[in-house]
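Listed below, chain by chain, are the residues.
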Amino acid sequence: LEFRRVLFRSRNIGRAFADFLPPGKVAVGRDMRLDSEELARAFVEGLLKQGREVLDLGRITSDMIYFAVGKMALAGGAMITASHNPGEYNGIKLTGQGVSPIGEDTGLEEIKSAVAGDTYKPESANGSASATDILGEWIDHALSFAPNLAPLKVGVDAGNGMAGIDVAELEAKTPLKIEGIYLEPDGNFPNHPANPLVKENLADLSALVRSKKLDCGIAFDGDGDRAILVDENGEPVSPSVVGAMLAEQFLKASPGATVLYNAITSRVVADTIEKLGGKGV
């Protein structure tokens, strides 16, 4: 009974989201959690009730929903996921036209109010849905930022989350040699929680890197949009150091560019940007 209420609410959020967005197509994706498919189906039903054309992206990473909205100039997108949280949780990440964030001050309260008040625009019979595969395009886009990859030996721990779907195509398109663990998406998370920010969850990846003498390793969260790097000794690398490394690469490609970075990073990011002649914001 409770889950039926959740599905009903997901359908209504889809209706309110459809009413909120400007005209155009809407993308919907989901992760591998046990109820994500049903929640996504209900959300799509809500979009269809309001006459929207829906692109069903299937099981994807959260990054891919943002890519789809931008690449295909869509009205918006929704990702059914609870990110790095345990399997019993779920939720919806919403994004607007131009890959604009939808938060409390940018539309979420409006959507919430419509659902709470059960107030929607009139239903339409013009809705349609079609399955769309963007995995290959997404990987090509990601690789465009790293055009000269070395033949590194890399360990990947997908934590039974969505990042595992990328590995086969990455190996086919790059000189990388990937040793993967827990690549099969499984919403039961049978090996460890898909939260790489908790050091204990990096233990298997660190052991893999050391035993196979790999160059580095990467652990992903459940929806594949967050990652932690470990070095050749299996030791975690500070995300701030990774940010500085990325800034260095981007400023080599675009000297003097402006680099946006998260305010919670250490001074190494800002100092690196300044040292290399960029502008940090």
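Residues numbered from 1 in each chain as written. Predicted model: local features only at pLDDT ≥ 70, side-chain atom pairs only at ≥ 80, totals over all residues. Heavy atoms only, no water.

A. Highlighting the nonpolar core. Grouped together as the largest cluster of nonpolar side chains are 23 residues, with contacts concentrated most on Phe-17, Val-28, Phe-43, Leu-47 and Leu-94. Here this core gets six residues from one element, more than from any other, and that element is helix 2 (residues 36-49). Sequence-distant contacts of Leu-47, defined by excluding residues within four places in its chain, comprise Gly-14, Arg-15, Phe-17, Ala-18, Val-26, Val-28, Arg-52 and Val-54. Among the nonpolar cores identified, the runner-up in size contains 16 residues, and Leu-55, Ile-60, Ala-68 and Leu-135 belong to it. (Core = buried A, V, L, I, M, F, W, Y, C linked by side-chain atoms within 4.5 Å. Buried < 20%, exposed > 50% of the residue type's maximum accessible area, 1.4 Å probe, protein only. Helix = DSSP H or I, 4+ residues; strand = E, 2+ residues; numbered from the N terminus. Contact = heavy atoms within 4.5 Å.)

B. Region of interest: the pattern of salt bridges. Within the structure shown, the criterion is met by 13 salt bridges. A salt bridge links Asp-140 to Lys-173; the shortest N-O distance between them is 2.7 Å. Of this pair, Asp-140 sits in helix 5 (residues 135-143) while Lys-173 sits in helix 6 (residues 167-173), and the two are 33 residues apart along the sequence. Between Glu-169 and Lys-173 there is a salt bridge, with the nearest N and O atoms lying 2.9 Å from each other. One end of the pair, Glu-169, and the other, Lys-173, are both in helix 6, four residues apart, so they sit about a helical turn from each other. Among the residues examined, Lys-173 registers a relative accessible area of 36% and is labelled partly exposed. It is possible to trace a salt-bridge network through shared partners that takes in Arg-15, Lys-49 and Glu-123. (Salt bridge = Lys/Arg side-chain N within 4 Å of Asp/Glu carboxyl O.)

C. Inspection of the environment of Pro-196 at higher detail. One can find Pro-196 in the loop between strand 8 (177-181) and helix 7 (203-212). Between the C-alpha atom of Pro-196 and that of Leu-229, which follows or precedes it by 33 residues, the distance is 9.2 Å. Among residues more than four places away in sequence, those in contact with Pro-196 are Leu-202, Ala-219, Phe-220, Asp-221, Arg-226 and Ile-228.

D. Local environment of unusual backbone geometry. In this structure, Ala-73 takes a positive phi of about 50 degrees despite not being glycine. As for its position among the elements, Ala-73 is in the loop between helix 3 (62-71) and strand 3 (76-80).

E. Broad picture of helix 1 (residues 2-20). A rise of 1.5 Å per residue sets the reference length of helix 1, with its 19 residues, at 27 Å; its end C-alpha atoms lie 27 Å apart and thus fit the reference within 8%. Buried residues of helix 1: Leu-7, Ser-10, Asn-12, Gly-14, Arg-15, Ala-16, Phe-17, Ala-18 and Asp-19, and no others. Against the buried residues of helix 1 lie strand 1 (26-30), helix 2, strand 3, strand 4 (92-96) and helix 4 (104-117). (Expected span 1.5 Å × (residues − 1).)

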